[in-house]
Structures are given as structure tokens and as C-alpha cells.
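# Per-entry structural report
Here is what each chain is made of, one letter per residue.
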Amino acid sequence: MARKWMSLILAVCLMLGVMMPAAFADETKTFIVAMTEDPKSFNPDAQADDSGWPVFQNLYDGLFQLNWNNEIVPDLCETYTISDDGLTYTFNLRKGVKWHDGEAFSSADVEFTYKMIMENSGIISQELNNSVAEMNCPDDDTFVMTLKAPNAPILGTLAWYANFILPKHIYEGVEDWKTCEAATTNPVGTGAYKFVSYDRGVSIVLEKNPDYHLGAPQVDRLIFQVIPDSDTAMQAFFNGEIDMLKPVPNSQVPALLQDPQYKLGYSSAARRYQIAMNMESEKMTLAVRQAVALSIDREEISRKATNGLMPPAYGFYPPYCDWAYNADADIGERDVAKARQILEDAGFTADENGNYIELEMLVLSSGSYADCGKVMQSNLKEAGINMKLTVLESAAWNERVTSGDFDMAMLNGYQGPDPDAMSKRIGTGGAANYSHFSNAEVDELLAKARSLTDNEARGACYRRIQEIEAEELPIIPVVEMTTYYICRSNVSGISYIDHVSDVSDNSYARVTID
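Model, not experiment: these values are computed from the prediction.

This part covers the overall build of the chain. When helices and strands are counted, the chain shows 18 helices and 20 strands. Relative to the globule expectation of 24 Å for 514 residues, the C-alpha radius of gyration of the chain, 24 Å, shows essentially globular dimensions. When its C-alpha atoms are laid out on the principal axes, the chain stretches across 85 × 60 × 40 Å. Within the chain, the proportion of its 514 residues that are buried is 55%. Taking the contacts inside the chain whose residues are at least 6 apart along the sequence as the reference set, 69% of them involve residues at least 24 apart. Taken as a whole, the chain presents about 21,300 Å² of accessible surface, with 48% of it coming from carbon and sulfur. Computed over 40 positive and 74 negative side-chain charges, the separation of the two mean positions in the chain equals 3 Å.

The following block contains the structure:
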């Protein structure tokens, strides 16, 4: 939209013979991205914040980043070495990196950030507190982390989520790292774009960082436009008011793939829709969980709710990681008669409407959750399970789920870059263990796999964990997640569309506009 208005002004000025103002002499390249809601804050490490995640990837840097293909690539760390005993990691940092306010970045910022995360219950605090014995900075360009025991997934922890390095000179001494100025109104990072302004419910405006360590972006201004309604966002894209959109409604993907005006790509590896079964709910006994699992028709859900774009999910871990995936551990084929029998054997009797039990499932209003939920609702009805489908915005969904006020909740989430991600979802006390599942053998296997370096030995641990999940059913797989991104054909450099390999998956540092 900004480019359209600038071009219009230029055209009018030329027609009228008016000299262009200096500010308009060179057209500013603006790239506008839709986002569904505001970030919780501008502190990228304090709490789970999927809305803020794309913004953070452009404002901040970590030691490493994860690209579109689930690969760990360098960021503020240029090279690293690991000691023979697997305990000491030495990170050689990029030289000459500056914070957006002009202060020099150094190893002290790295050590300070990780300590702050550990002391303030940041998202990766559990992993760091369990793993790190000590940290030190031999010089400004070197950071050393010594572990308590070998930890195969530690680099993945430092590459994926809520691991961004924060400026020590700004955050040191703040009373609350979630509400301080840097976390609310004036974020400072080392990323490809600098903060300009934030209008809650409207937009976040960033400008290019000419000193970015991977090279200055070609886009001058990056704007994240808040558009909660997916239909409105899609129309805004067609109107030329935004330049990139995700997710594209599944119903529109086939036609858009054939339209030369647009380019589409998608994220899929290590992501899936699944159902968290609340193990602390009195309703959600093993018999009920088994009946639900046997009632759902994943093929029908895929076909009707996602237009076949999200394939059925089999097993309890995404199959992208073949050495850890257990194809034999699954919820089994759909069997409505068996589901009914399990409920009756557990003492349930059908009412006058043929229902044995009433359950509620929470789904998010975005994406394909509600559509998947509607098909599942019909599936469960056949087995005598009357399921209430409650559609919520993410804040309301999160409030109910984290407080344990639910029977079932459909969610997605990245489950890489290492299978140790299972620990967050089914490990006792895991940050995303919304099922409240706790199993001593699972915890022991997770710890064992974390300490091993051979993938075959680690894989045996993870495959056994999936067998236990098949028995206990804390989670039910639904469909493999496929989120489509769209831009116009004159745009290049979007990770999931053009497969840019040297930046994080939602970075716009490489975007060009012809």
C-alpha cells in the first residue's frame, strides 16, 4: 500500500510538472505482512508468543537460527567447537556487530541473556537450568558454555524459540523484564530491522538496519499489519494493501497455485495438528481417551476440513525425523463399534439420544482448527460421544488451557529441530505439556536420549516413548500441519516460498521487490 501511494504521488507530480520533494526522490521500498494479533510484548524470551515470533525474528538474533528446512544455521555465532567429552561448547562470535542503538555487541550480552532466562523462568529456562554447569567469556568475541552432562539437543535449543540475545546495557537492573521500556515501547536488537513504532491493534513498523551483520536488507521499511479476521486479510492481499500473507485458506490454495500473479510455499516439517487430552480432567479416563481415538476419522478430517492439503497424521511424532519415528505406534484404525464397546465396558450407558458422555474440545479461531473440529464432532457423535466445540481467540484459548479448564484442546506446534522436543509436550512439567501427562519411564527415556550422541541409540528411546503414548493416549494425532504463504510474483526472498537457507524461517532480511 505504501508503494502504491508513493507511486501515485510521483505520477501526479509528473503530470502537474511539480518538482518532487527530496523525501520522495527515491521511492521507499515498503513490505507489508499480515499478522492476526498483537505480540504479548517485545521481550522475545520471556513467554510463548507465537504472534510476536515473526516480528522477533526480524528485530533480534540468536547464536543460531533455524531455517525453513529445519536446519540449524549460524547467526551471531560464526563458528563453534565441542570438546571431546561433549561438555564444553566454545562459540566464536561475529565481530563488529552493533546493537540498534549503536552500542557494541559482545559475549557479555550472550552470558547475561542466558542467565536472565534461567533466573526469570524464560521459555528455555528448564533446558538451560537442567543442562548448564557454567558460562564464561574469555574475551568479547568468545562465549563458553560448559554442560553438566552431554546434551545432544542443546544446539537446537539455542537455535529455535525464545533464545534471542538481549542487550545487557539495557536490560541489566530492570525491575521486570516483561514490562520494562525495552519490552514494551522501545525494543533494541541486532537484527535485520530496527524498531520504529507500534500502534496496538494496527501495526508494528520497522526500518532496515544498514549495519546488519548478514548485509543490509533491500527493503527499507517492514510493516506488520494487524488483521484478526482471515477473510479480511485475504481481501487486503488481493487489494494490494499487504504484500505477504499466511495462512492462506485451504479452500483457495488450489486455484492460487495455478495463478501466475502469485507465488506460494508452505511450512510443514515437524508440525501437526493434535489433541491434548487433559489427564487431570475426571472425564478423561483411559477408556474415554481410547474411545475418542477410535472414533476420529483422520482421512475424512484431512479431506473435508483441509481440502486434502494437510495429510492424516499417523504415530505420535512427525515422520520428518526417520531415525526417531515409530510407524508402529499409532491410535489404530477407526472402529466406532469398538469405541462404543469400550465405553460400555467402562460402565457408561447411552441416554435417550444415544450419547454415553458429553465432552468439550477447545479450538483456535484461526487456521483450520474449527473445520477439523466440526468433522471430528460428527465422527464422535457416531460413537455416542456428544462433543461441544468451543472456538476461541488465542488469548482465551491459552487462558483456559494453561489453567486446566478443558477436556480436550486442539493445537499445533513445532516439534523439532530435535526429537527432544517431546520433553516439552509429554515430559513431566514440560512447558507445552497441556495434557498434564506424567510417566516415570518416559521421563527416564527422555533424559537418557538427551545424554546420548548416537542417533540409533537415541532413536530406540524415542520409539519406546511413542509406544507408551499409544498405550496412554495423552495426545491424539490429527493431521500434519501445512501452512501456506503467499506473495506476488515480483517478490523474492521469502523463506518458505523461495527456500532461502541462510536466515530464519520468518526473516525478511533477503526480500527483494522487482
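Read on for the rest.
Further remarks concern the pairing of strand S5 (residues 88–93). By the alternation rule, side chains of S5 split into Tyr89, Phe91 and Leu93, which are all buried, and Thr88, Thr90 and Asn92, of which none is buried. As paired elements, strand S4 (residues 77–82) and S5 share five bridges and run antiparallel to each other. Looking across to S5, one finds that Thr81 is bridged to Thr90. Taking the residues between adjacent antiparallel strands as the criterion, S4 and S5 are bridged by five residues, where Gly86 takes a positive phi near 75°. Both S5 and strand S7 (residues 142–147) contribute to a ladder of five bridges, which runs antiparallel. Across the sheet, Thr90 pairs through a bridge with Val144, a residue of S7.

Spatially, five strands are ordered S15-S14-S16-S13-S17 in an open sheet, and the strand pairing comes out mixed. Each edge of the open sheet is held by one strand with a lone partner, namely strand S15 (385–392) and strand S17 (475–480). Neighbour-to-neighbour, the strand axes of this sheet turn through a mean angle of 20°, independent of strand direction. Both strand S14 (residues 357–364) and strand S16 (residues 408–411) contribute to a ladder of two bridges, which runs parallel. Counterpart to Leu362 in the pairing with S16 is Ala409. Taken strand by strand, helix H14 (residues 394–402) contacts S14, S15 and S16, and its axis lies near 135° from that of S14.

Attention shifts here to the environment of Ala337. The residue Ala337 is located in helix H12 (residues 336–345) in this model. A sequence separation of 43 residues divides Ala337 from Leu294, and the C-alpha atoms of the two residues are 9.0 Å apart.

Taking 1.5 Å of rise per residue, 18 residues should cover 26 Å, and helix H17 (residues 455–472) covers 25 Å from first to last C-alpha, within 8% of that figure. At its buried positions, H17 is contacted by helix H15 (422–426), helix H16 (440–451) and S17. Measuring from the side-chain oxygen of the N-cap residue of H17 to the backbone nitrogen of Glu456 gives 3.2 Å; that N-cap residue is Asp454. Immediately downstream of H17, the backbone of Leu473 shows phi near 55°, a positive value.

Calculation criteria
- Residues numbered from 1 in each chain as written.
- Predicted model: local features only at pLDDT ≥ 70, side-chain atom pairs only at ≥ 80, totals over all residues.
- Heavy atoms only, no water.
- Helix = DSSP H or I, 4+ residues; strand = E, 2+ residues; numbered from the N terminus.
- Rg over C-alpha atoms; globule rule 2.2 N^0.38 Å.
- Buried < 20%, exposed > 50% of the residue type's maximum accessible area, 1.4 Å probe, protein only.
- Contact = heavy atoms within 4.5 Å.
- Areas by Shrake-Rupley, 256 points an atom, 1.4 Å probe, with all protein chains shown as cover.
- Lys, Arg positive; Asp, Glu negative; His and termini not counted.
- Charge placed at Lys NZ, Arg CZ, Asp CG, Glu CD.
- Pairing = 2+ DSSP bridges.
- Axes fitted to C-alpha atoms, helices over the stretch in contact; angles between N-to-C directions.
- Expected span 1.5 Å × (residues − 1).
- Polar contact = N/O pair within 3.5 Å; in protein donor to acceptor, adjacent residues only side chain to side chain.

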